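Understanding the architecture of this molecule
Chain by chain, the residues:
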Amino acid sequence: MYRLILLMMFLIGAININGQEFVPIKENGLMKNAQAYGALLCPLNKNKADQVLKKVIELNITNMHINGYCEARAHFLSNKISSLITENGCSVGKIWAFAPSLYTMIWDKKLKTENPLFKGENVTWGYHVAPLIAIENGSKTDTVVIDFSIKDKAFIPYKEWLKKLNCPEAIYLFTDHNYYLFNTFNGLILTGDNYNNFKTPDSFPQIITGHFYYLLNNDTLTVPTGLSYNDLAIHLIEKYYSDPRYSSYKLPIKDLVEKNEGMGNLVNRSLNNLPSDLIEDCIKFFNERLEYWKKQ
(Lines give C-alpha, C1' and ligand atoms only; values in the text may rest on other atoms or scores of the structure.)
Protein backbone atom coordinates (compact mmCIF):
# COMPACT_ATOMS: atom_id res chain seq x y z
CA MET A 1 0.00 0.00 0.00
CA TYR A 2 2.91 2.33 0.78
CA ARG A 3 4.29 1.76 -2.71
CA LEU A 4 0.90 2.60 -4.21
CA ILE A 5 0.73 5.89 -2.32
CA LEU A 6 4.25 6.84 -3.43
CA LEU A 7 3.44 6.05 -7.04
CA MET A 8 0.23 8.05 -6.95
CA MET A 9 2.14 11.02 -5.57
CA PHE A 10 4.61 10.65 -8.42
CA LEU A 11 1.82 10.64 -11.00
CA ILE A 12 0.22 13.74 -9.49
CA GLY A 13 3.43 15.62 -10.11
CA ALA A 14 3.83 14.28 -13.62
CA ILE A 15 1.75 16.90 -15.42
CA ASN A 16 3.52 18.09 -18.53
CA ILE A 17 2.48 21.61 -19.42
CA ASN A 18 4.92 22.15 -22.29
CA GLY A 19 3.83 19.57 -24.87
CA GLN A 20 3.56 15.88 -25.55
CA GLU A 21 6.22 14.01 -23.69
CA PHE A 22 7.83 10.74 -24.72
CA VAL A 23 7.99 8.37 -21.79
CA PRO A 24 10.74 5.77 -22.40
CA ILE A 25 9.79 2.11 -22.14
CA LYS A 26 12.02 1.64 -19.10
CA GLU A 27 9.90 4.21 -17.27
CA ASN A 28 6.87 1.92 -17.57
CA GLY A 29 8.08 -0.32 -14.77
CA LEU A 30 6.57 1.88 -12.11
CA MET A 31 5.44 -1.09 -10.05
CA LYS A 32 7.52 -4.11 -9.09
CA ASN A 33 7.67 -6.65 -11.94
CA ALA A 34 5.87 -4.28 -14.32
CA GLN A 35 7.37 -4.31 -17.80
CA ALA A 36 6.49 -3.18 -21.30
CA TYR A 37 8.99 -3.81 -24.06
CA GLY A 38 9.30 -1.68 -27.15
CA ALA A 39 9.02 -3.03 -30.68
CA LEU A 40 11.93 -3.47 -33.07
CA LEU A 41 10.70 -1.31 -35.93
CA CYS A 42 12.65 -2.12 -39.09
CA PRO A 43 12.10 0.37 -41.93
CA LEU A 44 9.89 -1.06 -44.69
CA ASN A 45 10.51 -0.29 -48.34
CA LYS A 46 7.74 1.32 -50.37
CA ASN A 47 6.51 -1.96 -51.81
CA LYS A 48 6.17 -3.57 -48.38
CA ALA A 49 4.56 -0.44 -46.91
CA ASP A 50 2.03 -0.43 -49.76
CA GLN A 51 1.19 -4.08 -48.99
CA VAL A 52 0.57 -3.19 -45.34
CA LEU A 53 -1.70 -0.27 -46.22
CA LYS A 54 -3.61 -2.38 -48.77
CA LYS A 55 -4.14 -5.11 -46.16
CA VAL A 56 -5.52 -2.65 -43.59
CA ILE A 57 -7.90 -1.13 -46.13
CA GLU A 58 -9.15 -4.61 -47.09
CA LEU A 59 -9.93 -5.45 -43.46
CA ASN A 60 -12.52 -2.66 -43.55
CA ILE A 61 -12.79 -1.96 -39.81
CA THR A 62 -15.32 0.67 -38.81
CA ASN A 63 -13.38 3.70 -37.56
CA MET A 64 -16.03 6.34 -36.90
CA HIS A 65 -16.28 5.40 -33.22
CA ILE A 66 -12.94 7.01 -32.51
CA ASN A 67 -13.06 6.95 -28.71
CA GLY A 68 -14.40 3.43 -28.35
CA TYR A 69 -12.49 0.13 -28.30
CA CYS A 70 -9.38 1.51 -30.00
CA GLU A 71 -7.37 -1.18 -28.19
CA ALA A 72 -9.38 -3.91 -29.99
CA ARG A 73 -8.92 -2.24 -33.37
CA ALA A 74 -5.20 -1.72 -32.77
CA HIS A 75 -4.66 -5.30 -31.59
CA PHE A 76 -6.58 -6.86 -34.46
CA LEU A 77 -4.77 -4.78 -37.08
CA SER A 78 -1.35 -5.36 -35.50
CA ASN A 79 -1.81 -9.12 -35.56
CA LYS A 80 -3.07 -9.10 -39.15
CA ILE A 81 -0.18 -7.06 -40.56
CA SER A 82 2.57 -8.59 -38.41
CA SER A 83 2.96 -11.48 -40.88
CA LEU A 84 3.91 -8.92 -43.54
CA ILE A 85 6.51 -7.27 -41.34
CA THR A 86 8.09 -9.93 -39.14
CA GLU A 87 11.46 -10.42 -40.79
CA ASN A 88 14.75 -10.88 -38.94
CA GLY A 89 13.10 -10.10 -35.61
CA CYS A 90 11.28 -6.99 -36.84
CA SER A 91 7.77 -6.39 -35.59
CA VAL A 92 4.82 -4.04 -35.44
CA GLY A 93 4.64 -1.56 -32.58
CA LYS A 94 1.89 0.39 -30.88
CA ILE A 95 1.79 4.03 -29.92
CA TRP A 96 -0.14 5.03 -26.79
CA ALA A 97 -1.27 8.53 -25.83
CA PHE A 98 -2.50 9.29 -22.30
CA ALA A 99 -4.32 12.47 -21.33
CA PRO A 100 -3.73 14.11 -17.92
CA SER A 101 -7.03 12.64 -16.73
CA LEU A 102 -5.32 9.22 -16.72
CA TYR A 103 -1.93 10.08 -15.29
CA THR A 104 -2.75 12.67 -12.64
CA MET A 105 -5.50 13.11 -10.05
CA ILE A 106 -5.55 16.90 -10.17
CA TRP A 107 -6.35 17.58 -13.82
CA ASP A 108 -9.23 16.12 -15.81
CA LYS A 109 -8.05 17.30 -19.23
CA LYS A 110 -8.63 14.72 -21.98
CA LEU A 111 -7.76 14.03 -25.60
CA LYS A 112 -10.11 15.86 -27.96
CA THR A 113 -10.98 15.69 -31.64
CA GLU A 114 -13.93 16.14 -33.96
CA ASN A 115 -16.58 13.48 -33.46
CA PRO A 116 -17.20 11.59 -36.74
CA LEU A 117 -20.51 10.29 -35.38
CA PHE A 118 -21.92 13.68 -34.43
CA LYS A 119 -20.96 16.33 -36.96
CA GLY A 120 -19.99 19.68 -35.53
CA GLU A 121 -19.25 18.24 -32.09
CA ASN A 122 -16.06 17.21 -30.34
CA VAL A 123 -15.41 14.00 -28.47
CA THR A 124 -13.10 13.71 -25.46
CA TRP A 125 -11.54 10.61 -23.94
CA GLY A 126 -8.61 9.48 -21.80
CA TYR A 127 -6.30 7.43 -24.02
CA HIS A 128 -5.76 6.31 -27.59
CA VAL A 129 -3.69 3.53 -29.17
CA ALA A 130 -2.88 2.48 -32.73
CA PRO A 131 -0.37 0.32 -34.65
CA LEU A 132 3.04 1.81 -35.42
CA ILE A 133 5.53 0.96 -38.20
CA ALA A 134 8.66 2.47 -39.75
CA ILE A 135 8.97 3.28 -43.48
CA GLU A 136 11.99 4.11 -45.61
CA ASN A 137 11.94 7.65 -46.98
CA GLY A 138 15.09 8.20 -49.00
CA SER A 139 17.93 8.50 -46.52
CA LYS A 140 15.47 8.98 -43.65
CA THR A 141 13.10 6.75 -41.75
CA ASP A 142 9.53 7.82 -41.05
CA THR A 143 7.74 6.43 -38.00
CA VAL A 144 4.06 6.33 -38.91
CA VAL A 145 0.77 5.36 -37.31
CA ILE A 146 -2.00 3.27 -38.86
CA ASP A 147 -5.20 4.85 -37.59
CA PHE A 148 -7.99 5.47 -40.08
CA SER A 149 -10.06 7.10 -37.34
CA ILE A 150 -7.55 9.96 -37.48
CA LYS A 151 -6.45 9.82 -41.14
CA ASP A 152 -8.48 7.64 -43.48
CA LYS A 153 -6.77 5.11 -45.77
CA ALA A 154 -3.29 6.56 -45.22
CA PHE A 155 -0.32 6.42 -42.89
CA ILE A 156 0.15 9.41 -40.60
CA PRO A 157 3.48 10.50 -39.04
CA TYR A 158 3.33 9.83 -35.31
CA LYS A 159 3.92 13.48 -34.37
CA GLU A 160 1.03 14.53 -36.59
CA TRP A 161 -1.10 11.79 -35.01
CA LEU A 162 -0.35 13.21 -31.56
CA LYS A 163 -1.17 16.73 -32.72
CA LYS A 164 -4.57 15.55 -34.01
CA LEU A 165 -5.44 14.46 -30.46
CA ASN A 166 -5.41 18.13 -29.41
CA CYS A 167 -3.84 17.60 -26.02
CA PRO A 168 -0.31 19.02 -25.83
CA GLU A 169 -0.05 17.81 -22.23
CA ALA A 170 -0.51 14.14 -23.23
CA ILE A 171 2.26 11.68 -22.57
CA TYR A 172 3.00 9.02 -25.16
CA LEU A 173 5.11 5.92 -25.60
CA PHE A 174 5.81 3.01 -27.93
CA THR A 175 5.37 -0.65 -27.01
CA ASP A 176 5.51 -4.03 -28.67
CA HIS A 177 2.20 -4.81 -30.39
CA ASN A 178 1.46 -7.79 -28.13
CA TYR A 179 0.51 -5.52 -25.21
CA TYR A 180 -3.27 -5.23 -25.26
CA LEU A 181 -4.08 -2.74 -22.50
CA PHE A 182 -2.84 -1.16 -19.29
CA ASN A 183 -3.71 -1.38 -15.60
CA THR A 184 -5.17 1.41 -13.48
CA PHE A 185 -5.25 1.69 -9.71
CA ASN A 186 -8.97 1.08 -9.31
CA GLY A 187 -9.71 -2.62 -8.85
CA LEU A 188 -6.11 -3.60 -9.63
CA ILE A 189 -5.12 -7.14 -8.65
CA LEU A 190 -1.44 -7.42 -7.74
CA THR A 191 -0.17 -10.82 -8.83
CA GLY A 192 3.54 -10.56 -7.99
CA ASP A 193 5.13 -13.03 -5.58
CA ASN A 194 4.87 -10.65 -2.64
CA TYR A 195 1.29 -9.45 -3.21
CA ASN A 196 -0.86 -12.59 -2.84
CA ASN A 197 -3.46 -11.31 -5.33
CA PHE A 198 -4.09 -8.18 -3.29
CA LYS A 199 -6.91 -6.15 -4.92
CA THR A 200 -7.12 -2.40 -4.62
CA PRO A 201 -10.56 -0.90 -3.92
CA ASP A 202 -12.73 -0.06 -6.93
CA SER A 203 -13.03 3.41 -5.42
CA PHE A 204 -9.33 4.07 -6.06
CA PRO A 205 -8.70 6.60 -8.87
CA GLN A 206 -8.59 5.45 -12.47
CA ILE A 207 -4.95 6.42 -12.90
CA ILE A 208 -2.44 4.40 -14.94
CA THR A 209 0.05 2.30 -12.99
CA GLY A 210 2.54 1.98 -15.86
CA HIS A 211 1.90 -1.74 -16.15
CA PHE A 212 0.77 -3.08 -19.54
CA TYR A 213 -0.45 -6.62 -20.05
CA TYR A 214 -0.89 -9.31 -22.71
CA LEU A 215 -4.07 -11.20 -23.43
CA LEU A 216 -4.04 -14.85 -22.42
CA ASN A 217 -3.14 -17.26 -25.22
CA ASN A 218 -6.56 -18.90 -25.06
CA ASP A 219 -8.47 -15.60 -25.04
CA THR A 220 -10.51 -15.70 -28.24
CA LEU A 221 -13.26 -13.32 -27.14
CA THR A 222 -11.78 -10.03 -25.92
CA VAL A 223 -10.78 -8.61 -29.31
CA PRO A 224 -13.85 -9.87 -31.25
CA THR A 225 -16.08 -8.50 -28.48
CA GLY A 226 -14.43 -5.08 -28.66
CA LEU A 227 -14.74 -4.99 -32.45
CA SER A 228 -18.40 -6.03 -32.19
CA TYR A 229 -19.13 -3.28 -29.65
CA ASN A 230 -17.39 -0.89 -32.03
CA ASP A 231 -19.73 -1.97 -34.84
CA LEU A 232 -22.74 -1.84 -32.52
CA ALA A 233 -22.08 1.81 -31.69
CA ILE A 234 -22.24 2.68 -35.40
CA HIS A 235 -25.37 0.56 -35.79
CA LEU A 236 -27.12 2.45 -32.98
CA ILE A 237 -26.37 5.82 -34.55
CA GLU A 238 -27.11 4.91 -38.16
CA LYS A 239 -30.34 3.01 -37.50
CA TYR A 240 -31.90 4.66 -34.47
CA TYR A 241 -30.41 8.06 -33.60
CA SER A 242 -31.97 9.94 -36.52
CA ASP A 243 -35.14 7.85 -36.74
CA PRO A 244 -38.06 10.09 -35.68
CA ARG A 245 -39.79 7.08 -34.13
CA TYR A 246 -36.99 6.97 -31.55
CA SER A 247 -36.55 10.72 -31.09
CA SER A 248 -37.36 10.51 -27.37
CA TYR A 249 -34.40 8.15 -26.93
CA LYS A 250 -31.77 10.26 -28.69
CA LEU A 251 -30.09 11.37 -25.46
CA PRO A 252 -29.65 7.88 -23.91
CA ILE A 253 -28.47 6.50 -27.28
CA LYS A 254 -25.90 9.25 -27.62
CA ASP A 255 -24.80 8.86 -24.01
CA LEU A 256 -24.41 5.12 -24.48
CA VAL A 257 -22.23 5.52 -27.56
CA GLU A 258 -20.05 8.32 -26.20
CA LYS A 259 -19.32 6.76 -22.83
CA ASN A 260 -18.92 3.14 -23.99
CA GLU A 261 -19.43 1.59 -20.54
CA GLY A 262 -23.02 0.62 -21.25
CA MET A 263 -22.52 -1.54 -24.33
CA GLY A 264 -22.19 -4.67 -22.23
CA ASN A 265 -25.32 -3.74 -20.29
CA LEU A 266 -27.19 -3.25 -23.55
CA VAL A 267 -26.20 -6.68 -24.84
CA ASN A 268 -26.98 -8.27 -21.46
CA ARG A 269 -30.44 -6.64 -21.36
CA SER A 270 -29.52 -4.66 -18.25
CA LEU A 271 -30.71 -1.28 -19.53
CA ASN A 272 -34.21 0.00 -18.81
CA ASN A 273 -34.10 3.36 -20.58
CA LEU A 274 -34.37 2.01 -24.16
CA PRO A 275 -37.29 0.26 -25.89
CA SER A 276 -37.29 -3.53 -26.03
CA ASP A 277 -37.39 -3.74 -29.83
CA LEU A 278 -34.23 -1.64 -30.07
CA ILE A 279 -32.48 -3.74 -27.44
CA GLU A 280 -33.40 -7.04 -29.11
CA ASP A 281 -32.27 -5.78 -32.50
CA CYS A 282 -28.96 -4.62 -31.04
CA ILE A 283 -28.39 -7.98 -29.35
CA LYS A 284 -29.03 -9.77 -32.64
CA PHE A 285 -26.70 -7.40 -34.47
CA PHE A 286 -23.98 -7.78 -31.83
CA ASN A 287 -24.12 -11.58 -31.92
CA GLU A 288 -23.87 -11.60 -35.71
CA ARG A 289 -20.83 -9.31 -35.62
CA LEU A 290 -19.26 -11.35 -32.84
CA GLU A 291 -19.48 -14.52 -34.93
CA TYR A 292 -18.02 -12.63 -37.87
CA TRP A 293 -15.01 -11.29 -35.97
CA LYS A 294 -14.34 -14.62 -34.29
CA LYS A 295 -13.76 -16.10 -37.73
CA GLN A 296 -11.36 -13.41 -38.89
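What you are looking at is a predicted structure, and each value in this text was computed from that prediction instead of being measured. (Residues numbered from 1 in each chain as written. Predicted model: local features only at pLDDT ≥ 70, side-chain atom pairs only at ≥ 80, totals over all residues. Heavy atoms only, no water.)

**Side note on unusual backbone geometry**
One non-glycine residue, Tyr-69, lies in positive phi territory at about 60°. Mapped onto the fold, Tyr-69 is located in the loop between helix H2 (46-59) and helix H3 (70-85). In this model, Arg-269 sits at a positive phi of 60°, which is unusual for a non-glycine residue. On the secondary structure map, Arg-269 appears in the loop between helix H8 (263-267) and helix H9 (276-294). (Helix = DSSP H or I, 4+ residues; strand = E, 2+ residues; numbered from the N terminus.)

**Examining H3**
The end-to-end C-alpha distance of H3, which contains 16 residues, comes to 21 Å, matching closely the 22 Å that a straight helix rising 1.5 Å per residue would cover. Taking the largest bend as the criterion, H3 deviates by roughly 30°, centred on Asn-79. Listed in full, the buried residues belonging to H3 are Cys-70, Glu-71, Ala-72, Arg-73, Ala-74, His-75, Phe-76, Leu-77, Ser-78, Ile-81, Ser-82 and Ile-85. (Expected span 1.5 Å × (residues − 1). Bend = angle between axes of the 7 residues up to and from the residue. Buried < 20%, exposed > 50% of the residue type's maximum accessible area, 1.4 Å probe, protein only.)

**Let's talk about the packing of aromatic side chains**
Enumeration according to the criterion identifies 18 aromatic pairs in this entry. When the ring of Phe-98 is compared with that of Phe-182, the centres are 5.0 Å apart and the planes differ by 85°; the resulting orientation is edge-to-face. Residue Phe-98 is located in strand S2 (residues 93-98), and its partner Phe-182 is located in strand S9 (residues 179-184); the two are separated by 84 residues in the primary sequence. Residue Phe-98 is classed as buried on the basis of its relative accessible area, which comes to 2%. Measuring from ring centre to ring centre gives 5.0 Å for Tyr-229 and Phe-286, while their planes differ by 25°; the resulting arrangement is stacked. Highlighted residues: Tyr-229 in helix H6 (residues 222-241) and Phe-286 in helix H9, separated in sequence by 57 residues. The two residues Tyr-229 and Phe-286 agree in class, both being buried. (Phe/Tyr/Trp six-rings, centres within 6.5 Å; stacked < 30°, edge-to-face > 60°.)

**Re the pattern of salt bridges**
Within the structure shown, the criterion is met by 14 salt bridges. For Asp-108, the salt bridge identified is with Lys-110, shortest N-O distance 3.5 Å. What makes Asp-108 exposed here is its relative accessible area of 56%. Notably, a salt bridge pairs Asp-202 with Lys-199, separated by 2.9 Å at the nearest N-O pair. Relative accessible area serves as the criterion here: at 42%, Lys-199 is assigned to the partly exposed category. (Salt bridge = Lys/Arg side-chain N within 4 Å of Asp/Glu carboxyl O.)

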